[in-house]
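# Close look at the chain arrangement
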2 protein chains.
Amino acid sequence: MALFVSTFFNKIDIKGRVSVPASFRTTVTMQMSQGIFIYPSFTANAIDGCCGDFLEQLVTSTTLDFFSSEQDDINTLIFSSAHHLTWDSEGRVVLPKEIREHANITEQVAFVGKGRTFQIWEPIALKIHTEKARNRALQNRPKITLHATENK
Amino acid sequence: MALFVSTFFNKIDIKGRVSVPASFRTTVTMQMSQGIFIYPSFTANAIDGCCGDFLEQLVTSTTLDFFSSEQDDINTLIFSSAHHLTWDSEGRVVLPKEIREHANITEQVAFVGKGRTFQIWEPIALKIHTEKARNRALQNRPKITLHATENK
DNA sequence: TTGACGCCCATGATTTCCCATGATATCTAA
DNA sequence: TTAGATATCATGGGAAATCATGGGCGTCAA
């Protein structure tokens, strides 16, 4: 298993620590990655998370493209606001303050598997987001059905 | 590959010393690099910083012809104005005067992770720069979305 | 002799490490 | 199959280490 799947709800303690779901830790370890990288999502009040190799794709694809401002803007925004988190012997990480504020996270978080990456949400915000996604999906039902067929 | 991530604000003391963020020192050490190299950014009033191996890649890079004017420009602009800094036992470096002046740095600096490299900014200038970069990125949102999809 | 620099020690705040606990899940043996 | 044993997990809290910062002292060169 090298994919992030399922959704887990964990509690943040007074020190700001939260357990990374055991299955996510397994996924990360299998990728030979040391800890996780997280950064604010561009498109939602949520946190995007991934392994080191995922971020390395960004830099290796633009190694000497040093002067191109467009890609540079994106990389700068991601890397400057990213955090590298490693867990303690109990599998917990500390979510930095800026990160928590971006996602309005206070005492509970949802870890949401998204395949190669995952997200961290404030539980109620996730619920609302999921409802909206469901409604959009229902409205676009014909397209989705077609799309799913294509992938089989 | 070790990456420079996050943004750290540190203070410059009376002697001109400033702590290199511990996580940056770890990144440098993992690259087996001795200290850091810094040089004025071409594109902004900021300082670019990197490890030794990154500079070596610039000179040995096959993407630029050794005799080309571009290569010569890089040599002139980067190497002539670069400084090699090593930290003391507490992890501090002294920023040379020319460097500080280029970035209008006085008493506080921001270390900004950019992946394989990092930058050093005067905090207010960084804030302004980040705002602009964010607006540019939002205008290019379709491209960003595409990019994210490609990597997933 | 004065200032720049390297080296050393001190300190408060933060972060990490380590041990403990209860709940749940998994294994094992009759 | 079931009951007891064992392992794993999420969570709590105190001790120890780390970090950023301040400052002293000797060396060296202008």
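### Observations regarding the overall build of chain A
Secondary structure assignment for chain A yields six helices and eight strands. When its helices and strands are written in sequence order, chain A yields β-β-α-β-β-α-α-β-β-α-β-β-α-α. Taking the contacts inside chain A whose residues are at least 6 apart along the sequence as the reference set, 62% of them involve residues at least 24 apart.

### Side note on the pairing of strand 3 (residues 36-40) of chain B
Residues and elements named next belong to chain B. In this sheet, strand 5 (residues 83-85) lies alongside strand 3 in antiparallel orientation, the contact comprising three bridges. Within strand 5, the residue paired with Ile36 across the bridge is Leu85. Note that strand 3 and strand 4 (residues 47-50) share four bridges and pair antiparallel. Paired with Tyr39 across the bridge in strand 4 is Asp48. If you look at the hairpin formed by strand 3 and strand 4, you'll find six residues sitting between the two strands.

### Looking at the sheet that holds strand 8 (residues 118-121) of chain B
Residue and element names in this part refer to chain B. On the basis of which strands lie adjacent, the open sheet formed by six strands has the order 1-7-8-4-3-5 and antiparallel pairing. Of all the strands in the sheet, the pair left with one neighbour each is strand 1 (7-11) and strand 5. Within the sheet, the average angular offset between the axes of one strand and its neighbour, ignoring direction, is 25°. One ladder, built from four bridges, connects strand 7 (residues 108-113) with strand 8; its direction is antiparallel. By the bridge assignment for strand 8, Ala110 is matched with Trp121. Contacts from helix 5 (residues 123-139) reach strand 1, strand 7 and strand 8 within the one sheet, and its direction differs from that of strand 7 by about 40°.

### A closer look at the interface of chain B and chain A
Listed per partner, the contact involves 22 residues of chain B and 23 residues of chain A. Secondary structure elements with two or more residues in the side of chain B that touches chain A: strand 7, helix 5 and helix 6 (141-151) of chain B. Among the elements that make up the side of chain B that touches chain A, the one with the highest residue count is helix 5 of chain B (four residues). Across the side of chain B that touches chain A, the residue classes tally to eight nonpolar, nine polar and five charged.

### Points about the protein's contact with DNA strand D
Around DNA strand D sit 22 residues, and of these Asn10, Lys11 and Asp13 of chain A together with Asn10 and Asp13 of chain B come closest. At the level of secondary structure, the elements contributing two or more residues to the surface near DNA strand D comprise strand 1 (7-11) and strand 2 (17-19) of chain A together with strand 1 and strand 2 (17-19) of chain B. When the residues that make up the surface near DNA strand D are grouped by side-chain class, the tally is eight nonpolar, six polar and eight charged.

### Here we look at the protein's contact with DNA strand C
As a structural note, the neighbourhood of DNA strand C is formed by Lys15, Asp88, Ser89, Glu90 and Val94 of chain A together with Asp88, Ser89, Glu90 and Val94 of chain B. Its residues placed into classes, the surface near DNA strand C shows two nonpolar, two polar and five charged.

### Comments concerning the environment of Gln34 of chain A
Residue and element names in this part refer to chain A. Tracing the backbone through its elements, the reader meets Gln34 in the loop between helix 1 (22-30) and strand 3 (36-40). In this structure Gln34 comes out as partly exposed when scored by C-beta crowding, with 13 C-beta atoms within 10 Å. Along the primary structure Gln34 and Gly52 are separated by 18 residues, whereas in three dimensions their C-alpha atoms are 7.3 Å apart. With residues up to four places along the chain from it excluded, the contact list for Gln34 reads Gly52 and Thr86.

### A closer look at the relation of the copies chain B and chain A
Of the transformation superimposing chain B on chain A, the axial component is 9.6 Å and the angular component is 35°, with the fit at an RMSD of 0.7 Å. Little of the interface of chain B is mirrored in chain A: 9% of its interface residues are interface residues there too.

### Some details on the nonpolar core
Ranked by internal contacts, the top residues of the largest apolar core, which has 59 residues, are Phe37, Ile38, Ile120 and Trp121 of chain A together with Ile120 and Trp121 of chain B. If near-sequence neighbours (up to four positions away) are discounted, Trp121 of chain B is found in contact with Ala46, Ala103, Val109, Ala110, Val112 and Leu126 of chain B.

### A look at the environment of Thr29 of chain B
Residues and elements named next belong to chain B. Along the chain, Thr29 falls in helix 1 (residues 22-30). Using a count of 12 C-beta atoms within 10 Å as the deciding quantity, one classes Thr29 as exposed. With 27 residues separating them in the primary sequence, Thr29 and Ala2 have C-alpha atoms 9.2 Å apart.

Reading the values: the criteria
Residues numbered from 1 in each chain as written. Chains lettered and ligands numbered in written order. Predicted model: local features only at pLDDT ≥ 70, side-chain atom pairs only at ≥ 80, totals over all residues. Helix = DSSP H or I, 4+ residues; strand = E, 2+ residues; numbered from the N terminus. Contact = placed C-beta atoms within 7 Å. Pairing = 2+ DSSP bridges. Axes fitted to C-alpha atoms, helices over the stretch in contact; angles between N-to-C directions. Nonpolar A, V, L, I, M, F, W, Y, C, P; charged D, E, K, R; others polar. Near = placed C-beta within 6 Å. Buried ≥ 20, exposed ≤ 12 C-beta atoms within 10 Å, placed from the backbone. Least-squares fit on C-alpha atoms with pLDDT ≥ 70 in both. Core = buried A, V, L, I, M, F, W, Y, C linked by C-beta atoms within 7 Å.

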